[in-house]
Amino acid sequence: MNLNEAGDYNSISTYNFKNTHPLIIIDGQESIENKMKKLPANNIKTITILKDEAAVKKYGEQGNNGVIEVITNKN
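What you see is a predicted model, and the numbers here were worked out from it, not measured in a lab.

Calculation criteria
- Residues numbered from 1 in each chain as written.
- Predicted model: local features only at pLDDT ≥ 70, side-chain atom pairs only at ≥ 80, totals over all residues.
- Heavy atoms only, no water.
- Helix = DSSP H or I, 4+ residues; strand = E, 2+ residues; numbered from the N terminus.
- Buried < 20%, exposed > 50% of the residue type's maximum accessible area, 1.4 Å probe, protein only.
- Pairing = 2+ DSSP bridges.
- Axes fitted to C-alpha atoms, helices over the stretch in contact; angles between N-to-C directions.

Draft legend 1. Quick peek at unusual backbone geometry. The phi dihedral of D27 falls on the positive side, at around 50 degrees, and the residue is not glycine. Residue placement: D27 occurs in the loop between β3 (23–26) and β4 (29–31). For D52, which is not glycine, the phi torsion reads 50 degrees and is therefore positive. D52 sits in the exposed class, given a relative accessible area of 60%.

If you want it as structure tokens, here you go:
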């Protein structure tokens, strides 16, 4: 927000609150970053990073910001 000399608002800027985080998939289920951070390293079998067209092709619009696929040893 900008104030003019009289202290009145003369314009209001907007911010884009769109999610810019990648989609996180753990063992085929959508997850959150915090859960991924808590996974013990020795329980992780593979991590795959999908970007651009590959992410959108597989996950649609949800993959716009990329996808982190994690497969654990439980599978």
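Draft legend 2. Looking closely at the sheet that holds β4. Taken in spatial order, the 4 strands make up an open sheet running β4-β3-β6-β5, and their pairing is mixed. The open sheet has two edge strands with one neighbour each: β4 and β5 (44–50). Sheet twist, expressed as the mean angle between neighbouring strand axes with direction ignored, is 25 degrees. With 3 bridges joining them, β3 and β4 adopt antiparallel strand pairing. The partner of I26 across the bridge, within β4, is Q29.

In short, shape yes, function no, at least from these values alone.
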